[in-house]
Amino acid sequence: MVDDHKMLLGALTEWIRGAADDIRMVAAVASWPELLTHPEFPVDVVLLDLDLKDNIPISLKLSTLKTTGVRTVLMSTYSEPAVVREALAAGALGYLVKSEDAEMIVEAIRAASKGESFISAELDLALNAGELGGAPKLSAQERRVMALYGAGEPVKAVAFQLGISDETAKSYLKRIREKYRVAGYDVGTKVALRKRAIQDGILLQND
């Protein structure tokens, strides 16, 4: 993890260590050079603060990490769609706004380690605000949650099958419903969500 706010860096490092036993935090540094010279580098996934105030373009950092086989999740306090699009185009796999639930950080790290993209809910809404009428873009994990839940599984079973906590499964459902609401679809009930999942090809209808 790279973040120039030492207090945040310390708190998040501790939190991640306690929250996820499948994630090993090997380096928590406050600057870009410290990351590159760290004995554990290259790592699998880097949580990188977008604005380290070092005048090194984020695109250069992302291409450097990509060349060394490191997957990157960006963290930022701001969420302008243009900035996010640019970062994703430059090779970031995930993008989190620092106001998100801490649980989402763990999910983003897990997604990145599998090579999947992960964008926080509020960002996704901002990015897709101009594309009303179509089905919203769901992450791979959101599609899995929607398919299982739409197939009739209770939240607990969905969480168990995907290896996430009940709370995380609930927050995924909340995000899915919010994304559909913004796209102009109401999937507030389980029946409506199931119907939508079938229409959007997320859930295959059994004969």
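These lines cover the structure that appears in this document, whether it is placed above or below.

Reading guide: rules and limits
Residues numbered from 1 in each chain as written. Predicted model: local features only at pLDDT ≥ 70, side-chain atom pairs only at ≥ 80, totals over all residues. Heavy atoms only, no water. Helix = DSSP H or I, 4+ residues; strand = E, 2+ residues; numbered from the N terminus. Buried < 20%, exposed > 50% of the residue type's maximum accessible area, 1.4 Å probe, protein only. Contact = heavy atoms within 4.5 Å. Core = buried A, V, L, I, M, F, W, Y, C linked by side-chain atoms within 4.5 Å. Phe/Tyr/Trp six-rings, centres within 6.5 Å; stacked < 30°, edge-to-face > 60°. Lys NZ or Arg CZ within 6 Å of the ring centre and 35° of its normal. Pairing = 2+ DSSP bridges.

By secondary structure assignment, the location of lysine 179 is in helix H9 (residues 166-182). Under the relative-accessibility criterion, lysine 179 is labelled buried at 4%.

Turning to the environment of leucine 8, a few remarks are in order. Along the chain, the position of leucine 8 falls in helix H1 (residues 6-19). The class for leucine 8 is partly exposed, based on a relative accessible area of 31%. Sequence-distant contacts of leucine 8, that is, excluding residues within four places in its chain, are made with Asp3 and Lys98.

Turning to the nonpolar core, a few remarks are in order. Ranked by internal contacts, the top residues of the largest apolar core, which has 41 residues, are Met1, Ile16, Leu47, Leu96 and Met146. Elements with a contribution of two residues or more to this core: H1, strand E1 (45-49), strand E2 (71-76), helix H5 (102-113), helix H7 (140-150), helix H8 (155-162), H9 and helix H10 (190-199). Here methionine 1 is in contact with Leu9, Leu12, Thr13, Ile16, Met25, Ala27, Ala28, Val29, Leu47 and Met75, once residues within four sequence places are set aside. Counting 23 residues, the second largest nonpolar core, distinct from the first, contains Val2, Leu35, Leu48 and Ile119.

Under the defined criterion, the tally for this structure stands at one aromatic pair. A ring pair is formed by tyrosine 180 and tyrosine 185, whose centres lie 6.2 Å apart and whose planes are at 65°; its orientation type is edge-to-face. It is lysine 190 that lies over the ring of tyrosine 149; its NZ or CZ is 4.3 Å from the centre. Cation over ring: arginine 196 sits above tyrosine 185, and NZ or CZ is 3.9 Å from the ring centre.

Bringing the sheet that holds strand E3 (residues 94-97) into the picture now. Taken together, four strands build an open sheet; the order of strands is E1-E2-E3-E4 and the sheet is parallel. Where the open sheet ends on each side, the last strands, each with one partner, are E1 and strand E4 (118-119). Of the strand pairs in this sheet, E1 and E2 are connected by five bridges, and their pairing is parallel. The residue of E2 that forms the bridge with aspartate 49 is methionine 75.

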